[in-house]
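Single-letter residue listing:
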Amino acid sequence: MEDMLLGVEIGGAKLQLVLARPPCEIIASRRGSVPVGAEALDILEWIAEEAPTLIHAAREHGGHVGRIGVGFGGPVDTAMGRSMMSHQVGGWQDVGLKSWFEQTFGLPTLVANDSNAAGWAEFRIGAGKGTRHFFYTNIGSGIGGALIISGHLHNGQGFGAGELGHMRVPDWTSPESGASDILEHLCSGWAIERRIRKIPIEPGSPLARLSGGEPENRTCAMLSAAALEGDAYACAEIGHIAHTMGLAIANVITLAHPERVAVGGGVSLMGETLFEPLRRAVHEHVFKPYRGHYAIVPCGLGEQAVPIGAILLAQEPA
């Protein structure tokens, strides 16, 4: 029987299971969301209920699942396969994910940080294909990063690396001179939507109209659409986001000088409304000799990058 793999994404908002033939031909998938207030045990229960469907599907396609790859939304002790914590979901402090999967499904399992998994997928078959030095970041419910150096995923001392979202940057939202905060608190999708739902918006403006006049309806997608209509607040807000993200990415380029930087996640779906000012900001702040020697591009694999990357990592030699 043909060996297949099960890829798992455990995110702050999204859950995915993907069945694939090696190296990454997707056969079937399941998707779920993380309910408000859900904790680690709720998510593990969902996986325990849904994964057997895909394991059975492998047999229907003449194969069997031989390995599992997991992309987890938080820092991971890679050698032990343990989640260290999650910044979005409670209950993940020091959880033995590798042992839980192996005991539950009887299959060898690799556990990686979700951004490392997605970054590896983009490097191998997505926006980073053909490079040797590559950086990936996602702007979603959180902000992560993955650094590939000379074709190898850089995982620091085994607890991750490339944590762009936890880099400190100037806080434009604070009235205090010289204030700073971590990037994720300012530019993640959740941070943006919390902020734009609290700000008074001029009645009749594009953002007010798109949200039906209800602050709680405002989303990043609406912010982008409003900016395309010339909404002054939306344009200024995206300008702040792009400048701050650009400063952080410029520091990564100055430090590691990747050939290409790929930006994914839900906020990146703003497209050139975000990418154009982002590229300008990077150009402004990056080490001058490096200007013109890197590219900043959208990711290529969409929302399945994490489970695809987990599948690819699970096939790497130990």
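Residues numbered from 1 in each chain as written. Predicted model: local features only at pLDDT ≥ 70, side-chain atom pairs only at ≥ 80, totals over all residues. Heavy atoms only, no water.

*Asks:* Tell me what's going on with the overall build of the protein chain, and back it up with residues and numbers.
*Replies:* Within the protein chain, the regular secondary structure consists of 10 helices and 14 strands. Taking 20 Å as the expected radius of gyration for a compact globule of 318 residues, we find that the protein chain reaches 20 Å, a close match to that expectation. Counting only C-alpha atoms and orienting by the principal axes, one finds that the protein chain spans roughly 60 × 45 × 35 Å. For the protein chain, the proportion of its 318 residues judged to be buried stands at 51%. (Helix = DSSP H or I, 4+ residues; strand = E, 2+ residues; numbered from the N terminus. Rg over C-alpha atoms; globule rule 2.2 N^0.38 Å. Buried < 20%, exposed > 50% of the residue type's maximum accessible area, 1.4 Å probe, protein only.)

*Asks:* Quick rundown of helix 10 (residues 305–314)? Include the residues and the values.
*Replies:* Taken across its 10 residues, helix 10 has 10 buried, putting it largely inside the fold. Among the residues of helix 10, Ala-305, Val-306, Pro-307, Ile-308, Gly-309, Ala-310, Ile-311, Leu-312, Leu-313 and Ala-314 are the ones counted as buried.

*Asks:* Talk me through the pattern of salt bridges; I want residue IDs and the actual numbers.
*Replies:* Inspection of every chain in the model, using the stated rule, returns 12 salt bridges. Linking Glu-303 and Arg-31 is a salt bridge whose minimum nitrogen-to-oxygen distance equals 2.2 Å. Taken as a pair, Glu-303 in the loop between strand 14 (295–298) and helix 10 and Arg-31 in strand 3 (residues 25–33) lie far apart in primary sequence, 272 residues in all. You can call Glu-303 partly exposed: its relative accessible area is 45%. For Glu-102, the salt bridge is made with Lys-98, and the minimal N-O distance between the two is 2.8 Å. Here the residue Glu-102 and the residue Lys-98 both occupy positions in helix 2 (residues 97–105), the gap between them amounting to four residues, near one helical turn. A residue is classified by how much of its surface remains accessible, and Lys-98, at 26% relative accessible area, is partly exposed. (Salt bridge = Lys/Arg side-chain N within 4 Å of Asp/Glu carboxyl O.)

No statement about biological role is implied by the geometric values presented.
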